Amino acid sequence: MKGIIRWKGLIAFVAVIAFGTVLWLCFVDDFVERIIEKAGTWIVGAKVELDDADLSLFPFGLNLSRLQVTDPDKPMTNTVDIKRTVLSLDPLNLLRRKVIIERMAMEGVRFGTERKVSGAVARMPADTEDSSKEPGEKGAGFKFPSFEVPDVNEILKREELQSLKLVESLRIEMREEIQSWQKRLEDLPNKKDFDDYQNRIEELRSTKKIDASRLLGKARKLNSIRKDIKRDLDNIKSARKEFDDLLKLLKRRTDQAAKAPLEDIRRLKDKYSLQGQGVSNITQVLFGPKISYWVEGALVWYERLRPVIERTKQIQKDSEGKEEPEVIKPIRAKGVDVRFKEKKPLPDFLIKMADTSLQIKAGDIKGKINNITPDQDILGIPLSFAFSGDHLKEADSVKLEGELNHIAPSKPKDKANLRIRGYRIENLVMSESKELPIVLKKGLADLKLSVSRRGDVISANALTRFYSVQLLSPKEGAGSLIKAVNSSLSAIRNLNINVEISGTLKDYDIRLSSDLDRVLKNFIGKQLKEQTARFEKELKVAISEKVKGPFGDLKSDLDGFDSISSVISSRLEEGNKLLKNIKGEHPGRLKSLF
Amino acid sequence: MLTTIAKVLKILNSESQPGQISMALSFSMVVGLTPLLSPHNLLFLLVALLFRVNLSAFILGLAIFKGVAYLLDPLFHWIGLSILTAKPMEGLWTVLYNATLWRIERFNNSVLMGSLLFSLFLFVPVYLILNLMIRQYRERVLEWVRKTRIMKVFTASKLYKAYHSLSEWGGTK
């Protein structure tokens, strides 16, 4: 036995173990620090730095000093800066490769602190949407209506007046009709024809003392003349009717042409007058880009923090539908870890309770976060959080509570409620619109926000009530418009802004409404009404002036038909007179013929 | 490379029993092929130190097998995953998975399981083959090697003498 066993070897083994333990104790803090920094940087996509990590064995826990998490979009700013974090770990579960933190206390949690050196990293682990765009670059820009009255003369130089075109075409038509009727008058029975009839009658009259047979012949001739006159008169009457119809039509069209300038005025007014469209929901266009920017930022962070509350898993099922051992790829290791059913399932990582003290601009807020784990499906309890603070530096009270339920990872149910009372605001840029920037110089606000997510569907409602406010537009220039806008804004003392978000995580709608709509709409509407009336008046004068000449010509052209009318009338009168003479004379005269 | 060959020759030419050398190399194979910081390696280290095996051979074998392990990782992963996901073994693995000791061992890692099974499976054959080869070498080649000029130069060097005096503790007797 003595030959086989080397007792010195036992001493050597103990020495090796002791050396390893000493080495571990010496370097474990640095090792933990590096692991936290490396894993954090990988998750966030920007530098995560830790000033110091101290692992204590009795009681078993970890003490972290100043943890800085860089904002990936602003490398010179920390998203979160935690002064001190104390974690008490469960050592037995750690041996089972399960990081179970019984209690975590975070002190001095601040947001948006400045960094001395850039925290940018060369490679981003996750494909994040570019959310660094300024709010002004996003969304439809607001275009404040121009209250400048357009130059009417310039418009009339560019535009073709329909009324003028109508008058011109009517005049051409009238001239053609006059020519045509003048030609027709030549064909109609005229004075010469009637004189001929008269001569023929006179000739018959001059024949005296004739026998009965010749008397009958004369009567027949007279009858024939009468028929001829009647036929001619019928022709003239028919022409008269046609002419009257034509004249009626032309007069009607002339009347229409007289109304045409009004149509031109309406058309040009519609085309060039000041438009009120786009001012129907000013809140949307003014605050929409900024709200979108905030919402996108919140969603980007929600996605970034998702690995903390949800882990991608591949649940494999066999042909009988039973779950097979789960294969999970570790972040960085050779091979894969296969998981089997546990008797008392526990997540790989769990913070049972985190006490947090947040140092935000408004003041210090304290709260608790329970059950932080990426394996909620194993734990069976959702993450919940509750923060509150009273009598803060900048607000009367703040209360935030919510739940992130990813127990069924495919059907997450998240909700959060935030209530702020008496938030004191100074110089808050509410709109960065170039056309109408709005600054809330001073005021108080109450906010009631509720957000929820069910599956992919999100909905949010935020009602902000501003009171004792001083609003102004810091737009450069001292034009009357700016003065008027500022006067309208300064009259506002109370303001409600309501934001509603609905849709899916990738495609959502933001609807905004506020009292500002009514105030600015009234103001803009009044301005538009005044300026439109002025424009219409100028347009009327200019168009009337322009159509006056051609319209006068049209009337004189219409007068040209009067001479034709009088010619027809005189011929008709002459024919009628002649016919009447024949009829009047017939009984006596005829007797005289015998 | 030359140093490694020299070391191998030194061990082969030492007065250690062939069994001490081949056992040391077999232990080093297990420790070298499996992930170094695995708890079972502590056991193998203890055995290697406690039993009178050739420590020089153990250290040299560890270095060689560690290099080979990187090349064989895909094979170990395949073996490990096949075993761990084999239906008939599921009950056993589930029991082990629920035992803290085995969780510390991290037996459910495919590379660890594959490499451990692979090295344990080869442990006895490697021991026997190496034993046979060392015996054959000593009987047929050793004398010729000792007579070579390079070996004479090497055995006359101060480094060799210093190494020889230290290695007395390492298993010759």
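Residues numbered from 1 in each chain as written. Chains lettered and ligands numbered in written order. Predicted model: local features only at pLDDT ≥ 70, side-chain atom pairs only at ≥ 80, totals over all residues. Heavy atoms only, no water.

1. Points about the overall build of chain B
Of the regular secondary structure elements, chain B holds ten helices and zero strands. The linear arrangement of helices and strands in chain B, starting from the amino end, is α-α-α-α-α-α-α-α-α-α. By the burial criterion, 45% of the 173 residues in chain B qualify as buried. Total accessible area computed for chain B in this model is approximately 9600 Å², and 75% of it derives from carbon and sulfur atoms. (Helix = DSSP H or I, 4+ residues; strand = E, 2+ residues; numbered from the N terminus. Buried < 20%, exposed > 50% of the residue type's maximum accessible area, 1.4 Å probe, protein only. Areas by Shrake-Rupley, 256 points an atom, 1.4 Å probe, with all protein chains shown as cover.)

2. Notes on the overall build of chain A
When helices and strands are tallied, chain A shows ten helices and 15 strands. For chain A, the proportion of its 594 residues judged to be buried stands at 41%. By sequence separation, contacts in chain A at least 24 residues apart represent 64% of the contacts at least 6 residues apart. (Contact = heavy atoms within 4.5 Å.)

3. Here's the deal with the interface of chain B and chain A
Taken residue by residue, the interface counts 35 residues in chain B and 33 residues in chain A. For the interface between chain B and chain A, the tally reads two salt bridges. Notably, a salt bridge pairs glutamate 342 of chain A with arginine 103 of chain B, separated by 3.5 Å at the nearest N-O pair. Secondary structure elements with two or more residues in the side of chain B that touches chain A: helix H3 (39-50), helix H4 (55-84), helix H5 (90-97), helix H6 (100-105) and helix H7 (110-140) of chain B. Among the residues making up the side of chain B that touches chain A, the classes are represented as 19 nonpolar, ten polar and six charged. (Salt bridge = Lys/Arg side-chain N within 4 Å of Asp/Glu carboxyl O. Nonpolar A, V, L, I, M, F, W, Y, C, P; charged D, E, K, R; others polar.)

4. What to know about the packing of aromatic side chains
Taken as a whole, this structure holds ten aromatic pairs over all chains when the rule is applied. Between the aromatic rings of phenylalanine 243 of chain A and phenylalanine 561 of chain A, the centroid separation amounts to 6.0 Å while the plane-to-plane angle is 40°, which identifies the pairing as tilted. Of this pair, phenylalanine 243 of chain A sits in helix H6 (residues 212-272) while phenylalanine 561 of chain A sits in helix H10 (residues 515-593), and the two are 318 residues apart along the sequence. An identical accessibility class is assigned to phenylalanine 243 of chain A and phenylalanine 561 of chain A; each is buried. Taken together, a centroid distance of 6.4 Å and an interplanar angle of 10° make the contact between phenylalanine 340 of chain A and phenylalanine 107 of chain B stacked. With phenylalanine 340 of chain A in the loop between strand E6 (337-339) and strand E7 (349-360) and phenylalanine 107 of chain B in the loop between H6 and H7, the pair connects residues from two separate chains. This pair shows no difference in class: phenylalanine 340 of chain A is buried, exactly as phenylalanine 107 of chain B is. Over the face of the ring belonging to tyrosine 97 of chain B we find arginine 103 of chain B, whose NZ or CZ atom lies 3.9 Å from the ring centre. (Phe/Tyr/Trp six-rings, centres within 6.5 Å; stacked < 30°, edge-to-face > 60°. Lys NZ or Arg CZ within 6 Å of the ring centre and 35° of its normal.)

5. Quick notes on H5 of chain B
Looking only at H5 of chain B, the buried set comprises Trp93, Thr94, Leu96 and Tyr97 of chain B. Down the axis, H5 of chain B shows its buried residues gathered within 165° of arc, on one side only. In this structure, the buried side of H5 of chain B is in contact with E6 of chain A together with H4, H6 and H7 of chain B. (Arc of directions from axis to C-beta.)

6. Structural notes on the side chain of asparagine 93 of chain A
Residue and element names in this part refer to chain A. Mapped onto the elements, asparagine 93 comes out in helix H2 (residues 91-95). Polar contacts involving the side chain of asparagine 93 include one to the side chain of aspartate 90, which spans 2.6 Å. The residues contacting asparagine 93, other than those within four sequence positions of it, are Lys98, Ile100 and Leu346. (Polar contact = N/O pair within 3.5 Å; in protein donor to acceptor, adjacent residues only side chain to side chain.)

7. Thoughts on a positive patch on the surface
On the surface, Arg226, Lys227, Lys230 and Lys237 of chain A cluster together to form a positively charged patch. You can see lysine 230 of chain A is positioned in helix H6. (Patch = residues over 30% accessible without salt bridge, like charges linked within 9 Å, V, L, I, M, F, W, Y side chains within 5 Å. Lys, Arg positive; Asp, Glu negative; His and termini not counted. Charge placed at Lys NZ, Arg CZ, Asp CG, Glu CD.)

8. Concerning the packing of helix H2 (residues 18-33) of chain B against H7 of chain B
Residues and elements named next belong to chain B. Two elements in contact, H2 and H7, have axes separated by 8 Å at closest approach and are oriented at 155°. On the basis of their axis angle, the class for H2 and H7 is roughly antiparallel. When you trace H2 past H7, the crossing you get is right-handed. A class-by-class count of the residues in the contact of H2 with H7 yields 17 nonpolar, six polar and two charged. (Axes fitted to C-alpha atoms, helices over the stretch in contact; angles between N-to-C directions. Parallel < 35°, antiparallel > 145°, perpendicular 65-115°, else oblique. Left-handed = near helix turned anticlockwise from the far one by under 90°.)

9. Topic: the environment of tryptophan 301 of chain A
Residue and element names in this part refer to chain A. The topology assignment puts tryptophan 301 in helix H7 (residues 282-309). Relative accessible area serves as the criterion here: at 24%, tryptophan 301 is assigned to the partly exposed category. Once the C-alpha coordinates of tryptophan 301 and valine 44 are considered, the two residues, 257 residues apart in sequence, prove to be 9.2 Å apart. If near-sequence neighbours (up to four positions away) are discounted, tryptophan 301 is found in contact with Val44, Asp71, Pro72 and Thr79.

10. Considerations on the pairing of strand E8 (residues 363-372) of chain A
Residue and element names in this part refer to chain A. Bridge analysis of E7 against E8 gives nine bridges, and the strand direction is antiparallel. Residue pairing across strands places methionine 353 opposite asparagine 370, the latter belonging to E8. Joining the antiparallel neighbours E7 and E8 is a turn of two residues. Direction of pairing for E8 relative to strand E9 (residues 383-390): antiparallel, over a ladder of five bridges. Across the sheet, residue isoleucine 369 finds its bridge partner in E9, namely phenylalanine 385. (Pairing = 2+ DSSP bridges.)

11. As for a nonpolar patch on the surface
Residue and element names in this part refer to chain A. Together, Trp24, Leu25, Leu57 and Phe58 give the surface a local cluster of nonpolar side chains, amounting to about 470 Å² of exposed area. With respect to the helices and strands, tryptophan 24 occurs in helix H1 (residues 7-44). A relative accessible area of 42% places tryptophan 24 in the partly exposed class.

12. Overview of the nonpolar core
Residue and element names in this part refer to chain A. Within the largest apolar cluster, 74 residues are counted, with the highest numbers of intra-cluster contacts made by Met430, Phe466, Leu471 and Leu516. In contact with phenylalanine 466, not counting residues within four places along its chain, are Ile425, Met430, Leu440, Leu444, Ala445, Arg493, Asn494, Leu495 and Ile497. In this structure, Leu222, Ile564, Leu572 and Leu579 belong to the second largest nonpolar core, which totals 32 residues. (Core = buried A, V, L, I, M, F, W, Y, C linked by side-chain atoms within 4.5 Å.)

13. So, the side chain of glutamine 68 of chain A
Residues and elements named next belong to chain A. Of note, glutamine 68 is situated in strand E2 (residues 61-71). A relative accessible area of 10% means that glutamine 68 is categorised as buried. Of note is the side chain of glutamine 68, whose polar atom sits 2.9 Å from the side chain of asparagine 78. Every residue in contact with glutamine 68, bar those within four places of it in the chain, is listed here: Lys47, Val48, Glu49, Asp51, Asn78, Val80, Asp81 and Arg115.

14. Some words on the packing of H4 of chain B against H7 of chain B
Residue and element names in this part refer to chain B. Where H4 contacts H7, the two axes come as close as 6 Å, and the packing angle between them is 95°. As judged from the angle between their axes, H4 and H7 are roughly perpendicular. When H4 is examined against H7, the residues Leu72, Asp73, Leu75, Phe76, His77, Ile79, Gly80, Leu81, Ile83 and Leu84 are found in contact with a partner set consisting of Ser110, Val111, Met113, Gly114, Ser115, Leu117 and Phe118.

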